[in-house]
Amino acid sequence: MSKLVAVLLGGRSPEREVSLVSGKKVVEALEGKGYAVAPVDPLDRDWIAQLQGIKPDVVFNALHGDWGEDGRVQGVLDYLGYAYTHSGVAASALAMDKQRAKAVLREAGILCPEGQLISRFDAARDHVMKPPYVAKPNAQGSSVGVVIVPEGANQPPAILGSEDWPYDDEVLIERFVPGRELTVAVMDDKPLTVTEIVPKTAFYDYDAKYSDGGSVHQLPADVPQAVFDQCMQEALKAHKVLGCRGLTRSDFRYDPESNSVWLLEINTQPGMTPTSLAPEQAAHCGIGFPELVAWMVENAACPN
C-alpha cells in the first residue's frame, strides 16, 4: 500500500503564492510516483483538524515564510506525532532568524556579513552604518522586504518608518557585499553543485526569483575551482552546524575583487517547483523532480 502524504501549502505568510506553486508541483509529482496525496492549506484555521482526519503517514511541508519554516508548524507536527519533510523545530527556527544563525555560523568559521538588529524607526531616522548596506526583516525569506541602500545615499529608506511597512518593527541592517550571487543545495550530507544567479533586476529580489525571465541560472557556475569547492564545503557545514535535515539551500556572495566568499543565509525550505534552484541542481545531478520529492517523503522524520 502506498503512503498517504498530506502536503501543506499556501499558508498565511507573504510567501503564500510561492508556496501554492511549490505545493501544486509537489502534489503532481507525488501522485505521479503512486502516492496518495491530500493537500492541506493552513490558511484555514481548522487545518490541524483536517490533518487529524486525514491521518497521513507523512506530511510534506511545502510552506514558506513565517508559520511555515520558522519552527512553529514543525512544533505542531512534532506534537501530533507526524513524520514530516525538511528540518525540525530547532534548526528551522534558528535558520529563519538570520542574525542569530549567522552568529552560530561565524563561530563555525564561516564568513558572514556583519549586521545588527535595530528598530525600523531608528533605522529610518539615520544611517546606522555607512552605505552601502542592506535593510531587511530578520525573519522573512524570498528577499521579501529587502531594501538596498546604495553608496552615497543621503537618507535611509523612508519605507522603514512608514505605516505601510508590513513586517516586524525590528529590522536587520547588514553590510552590502558586492559581487556574484551563488547558491548550493544540500541533500542531507551531499552538496549538489554551485549555481550562479544572474538577476535581470538591480539585485536578486522577489521579482527576479519568481517572475518569468527575472534571472538566469548558470550551473555549474563558472567560478574558480577554489571558490566552487569553498561554496560546496561551507553549504554542507552550515547544513550540519544548524542541525538541518533533508533539503536545504545556502546562498553566497563571491566578491572577485577581494577573492572572498560570504554566506548570506541558509534556506531550510527551498522553492519546490521543477525550475526552482534546488530541484534544478538535483536534476543536474541526475535526480528528477519526482524522484527528489519521493526521496524527501521517504526520508521524512519525527523526533517522537
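Before reading on, note that the structure itself is shown above.
Residues numbered from 1 in each chain as written. Predicted model: local features only at pLDDT ≥ 70, side-chain atom pairs only at ≥ 80, totals over all residues. Heavy atoms only, no water.

**Q** Can you walk me through the sheet that holds strand 10 (residues 190-199) in this structure?
**A** Two orientations exist for strands paired in a sheet by backbone hydrogen bonds: parallel and antiparallel. Spatially, 11-10-9-12-13 is the arrangement adopted by the five strands of the open sheet, whose pairing is antiparallel. The open sheet has two edge strands with one neighbour each: strand 11 (215-218) and strand 13 (260-267). If you compare each strand with its neighbour and ignore which way they point, the axes differ by 30° on average. Direction of pairing for strand 9 (residues 180-187) relative to strand 10: antiparallel, over a ladder of six bridges. Residue Met 187 lies in a different strand from strand 10, and its bridge partner there is Lys 190. Each of strand 9, strand 10, strand 11 and strand 12 (247-255) touches helix 9 (residues 277-284); the most contacted strand, strand 10, lies at about 120° to it. (Pairing = 2+ DSSP bridges. Helix = DSSP H or I, 4+ residues; strand = E, 2+ residues; numbered from the N terminus. Axes fitted to C-alpha atoms, helices over the stretch in contact; angles between N-to-C directions. Contact = heavy atoms within 4.5 Å.)

**Q** Is there a simple way to think about helix 4 (residues 89-96) in this case?
**A** Side chains that are three or four residues apart share a direction in an α-helix, a result of its 3.6 residues per turn. By the burial criterion, the buried members of helix 4 are Ala 91, Ser 92, Ala 95 and Met 96. Down the axis of helix 4, the sector holding all buried residues measures 120°, keeping them to one side. Packing partners of the buried residues in helix 4 comprise helix 3 (72-80), helix 5 (98-107) and strand 13. (Buried < 20%, exposed > 50% of the residue type's maximum accessible area, 1.4 Å probe, protein only. Arc of directions from axis to C-beta.)

**Q** What should I look at first to understand the pattern of salt bridges in this one?
**A** Any two side chains of opposite charge can pair, so long as their charged atoms come close to each other. Scanning all chains against the criterion turns up 15 salt bridges. Here Lys 24 makes a salt bridge to Glu 28, at a shortest N to O gap of 2.7 Å. Of this pair, Lys 24 and Glu 28 both sit in helix 1 (residues 16-32), four residues apart, which is roughly one turn of that helix. Judged by its relative accessible area of 47%, Lys 24 falls in the partly exposed class. For Glu 28, a relative accessible area of 39% puts it in the partly exposed group. Notably, a salt bridge pairs Lys 136 with Glu 174, separated by 3.3 Å at the nearest N-O pair. One end of the pair, Lys 136, is in strand 6 (residues 133-137); the other, Glu 174, is in strand 8 (residues 170-175), with 38 residues separating them in the sequence. Via salt bridges that share partners, Lys 24, Lys 25 and Glu 28 belong to a single interconnected network. (Salt bridge = Lys/Arg side-chain N within 4 Å of Asp/Glu carboxyl O.)

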